[in-house]
Amino acid sequence: LYVQPDLSAGAALTLEKEQSLYLAAVLRKSVGDEVVLFNGRDGAWLCRLTSDAKKSVTLETVEQIAAQTPPSDLWYGFAPLKNERLDYVIQKAVEMGAGTIQPVMTQFTQVHRLKIERLSANAIEAAEQCEVLSVPTIAPEVTLERLLDGWDPARKLIFADEGEASSSPVVALEKLRGTPIGLLVGPEGGFSDAERAKLHALPFVVPISLGPRILRADTAAVAALAVIQATIGDWR
Ligand code: SAM
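Quick notes on the rules
Residues numbered from 1 in each chain as written. Predicted model: local features only at pLDDT ≥ 70, side-chain atom pairs only at ≥ 80, totals over all residues. Helix = DSSP H or I, 4+ residues; strand = E, 2+ residues; numbered from the N terminus. Contact = placed C-beta atoms within 7 Å. Pairing = 2+ DSSP bridges. Axes fitted to C-alpha atoms, helices over the stretch in contact; angles between N-to-C directions. Buried ≥ 20, exposed ≤ 12 C-beta atoms within 10 Å, placed from the backbone. Parallel < 35°, antiparallel > 145°, perpendicular 65-115°, else oblique. Nonpolar A, V, L, I, M, F, W, Y, C, P; charged D, E, K, R; others polar. Near = placed C-beta within 6 Å. Right-handed = clockwise from strand over helix to strand, strands pointing away. Domains from an automatic or database assignment. pLDDT = per-residue confidence, 0-100.

### A closer look at the overall build of the chain
Then step 1. Within the chain, the regular secondary structure consists of 7 helices and 11 strands.
Then step 2. Considered along the principal axes of its C-alpha atoms, the chain spans approximately 60 × 35 × 30 Å.
Then step 3. Put simply, of all contacts in the chain between residues at least 6 apart along the chain, 75% involve residues at least 24 apart.

### Considerations on the sheet that holds strand 2 (residues 34-38)
Then step 1. One open sheet holds the 4 strands; their spatial order is 1-4-3-2, and the pairing between them is antiparallel. With one partner strand each, in any of the chains shown, strand 1 (12-14) and strand 2 form the two edges of the open sheet. With strand direction ignored, the average angle separating the axes of adjacent strands in the sheet is 45 degrees.

### Structural notes on unusual backbone geometry
Then step 1. The backbone phi angle of N83 is positive, close to 25 degrees, even though this residue is not glycine.
Then step 2. Summarising the element assignment, N83 is placed in helix 2 (residues 83-95).
Then step 3. For E131, which is not a glycine, the phi torsion comes out positive at approximately 55 degrees.
Then step 4. Assignment of secondary structure puts E131 in the loop between helix 3 (116-130) and strand 7 (137-138).
Then step 5. We classify E131 as exposed; it has 11 C-beta atoms within 10 Å.

### Details of the packing of helix 2 against helix 7 (residues 217-231)
Then step 1. In the contact formed by helix 2 and helix 7, the axes pass within 9 Å of each other and the chain directions differ by 5 degrees. Here helix 7 runs roughly parallel to helix 2, going by the angle between their axes. Contacts from R85, Y88, V89, K92 and A93 in helix 2 reach D218, A221, V222 and L225 in helix 7.
Then step 2. For the contact of helix 2 with helix 7, the residue count by class is 6 nonpolar, no polar and 3 charged.

### Observations regarding the site of the ligand
Then step 1. Neighbouring the ligand are 18 residues, the closest being A160, G186, G190, L210 and A220.
Then step 2. In the shell around the ligand, the residues fall into 8 nonpolar, 5 polar and 5 charged.

### A few points about the pairing of strand 5 (residues 75-78)
Then step 1. Of the two faces of strand 5, both are covered, the one formed by W75 and G77 as well as the one formed by Y76 and F78.
Then step 2. Inspection of the sheet shows strand 5 paired to strand 6 (residues 100-105) by 4 bridges, in the parallel sense. Its bridge partner being in strand 6, W75 is matched across the sheet by T100.
Then step 3. The parallel pair strand 5 and strand 6, bridged by helix 2, forms a crossover whose chirality is right-handed.
Then step 4. Looking at chain direction, strand 5 and strand 10 (residues 181-185) are connected through 4 bridges and run parallel. Bridging across to strand 10, F78 finds its partner in V185.

### A few points about the domain arrangement of the chain
Accessible area lost upon the coming together of the parts serves often as the stated size of an interface.
Then step 1. In terms of domain boundaries, the chain breaks down into domain 1 (12-66) and domain 2 (75-231).
Then step 2. Placing the centre of domain 1 and that of domain 2 at their C-alpha centroids yields a distance of 35 Å.

### Some remarks on the confidence of the model for the chain
Then step 1. Of all residues in the chain, 99% have pLDDT values of 70 or greater, and the mean over the chain is 93.
Then step 2. Within the chain, helix 4 (residues 144-149) carries the highest mean pLDDT (98), whereas helix 5 (residues 170-174) carries the lowest (89).

### Thoughts on the pairing of strand 4 (residues 58-66)
Then step 1. Note that strand 1 and strand 4 share 3 bridges and pair antiparallel. Considered in strand 4, the bridge of T14 is made with T58.
Then step 2. Looking at chain direction, strand 3 (residues 44-51) and strand 4 are connected through 7 bridges and run antiparallel. Residue pairing in the sheet places W45 in a bridge with Q64 of strand 4.
Then step 3. Counting the residues between successive antiparallel strands, the hairpin from strand 3 to strand 4 contains 6 residues.

Right, here's the structure in full:
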C-alpha cells in the first residue's frame with residue numbers, strides 16, 4: 001500500500017481516513033496484522049497494525065523488506081484519450097515501466113480537460129499492483145510544439161506512427177540500447193501531416209511502425225512499450 005509518511009526503523013504511522021477505512025474495513029486488517037507499505041522514497045516496509053480504528057489506523061514498522069529502487073528513466077508521452085482509455089494507458093504504462101508519463105496535446109487531440117489528480121491516483125494504484133516502489137511521475141500537460149522545442153537531443157524520441165513503412169521496429173530500437181529514450185503515441189485521430197513533417201525533421205526522433213494495421217492509441221502504447229522492453233531491455 002502506498003502511503004505518504006516516512007518509513008524507517010521504529011517509526012509509528014497514522015494513516016489518513018480513506019486508507020484507514022481501506023485497511024480496516026475492506027482488507028479487514030486488525031491489530032497485530034502485518035501489511036507492506038511503501039512511499040516512493042524509503043523502499044518497502046513490513047508494518048504491523050497497532051490500532052484498527054476505521055478512521056485512523058496506526059502502525060509500527062517491523063523491518064525493511066526491499067530497498068528503494070531508482071526511478072525508471074523511460075519517458076512516455078501520449079495524447080490524452082477519453083475516460084477508461086485514459087485510465088488504461090496510465091495503468092499499462094506504469095506496469096510496463098514508464099518513469100515519467102506526460103500528456104501531450106497535439107492538433108487532433110480531442111480531450112483537453114485533464115484531472116491530473118486522477119492520473120496520479122491511477123499511477124499510484126498501478127504501482128501498488130505491480131510492486132513498483134518508485135511511483136512514476138505524472139508530468140504536466142504540454143503541447144507537442146513546446147515538448148519538441150524543449151527536448152534534450154541526447155534523449156531519443158521513439159515516435160509510433162501508423163504512417164511509417166511497415167517494417168520491424170526491432171532493428172531501429174536495438175541501436176538505442178544504453179541511450180535515454182522517450183516514447184510518443186498519438187491521439188485517436190493520429191498526427192497531422194505538419195506534425196509528422198516536424199517530427200521527421202528532428203535528429204533525435206526515431207519513427208517506428210507497429211505493423212500494417214492501425215492500432216487504437218491505447219493498444220499502440222502497450223505494443224510499443226512491449227517491443228521496447230523486448231529489444232532495449234528494462235530501463236532501470
Ligand atoms: N490516423 C489514424 C486514423 O484515424 O486512421 C489513427 C491513429 S491511431 C488510432 C493512434 C495512435 O496510435 C497513432 O497516432 C500512433 O501513435 C499509434 N499507432 C497506431 N497504429 C500504429 C502502427 N501500426 N504503427 C505505429 N503506431 C501506431
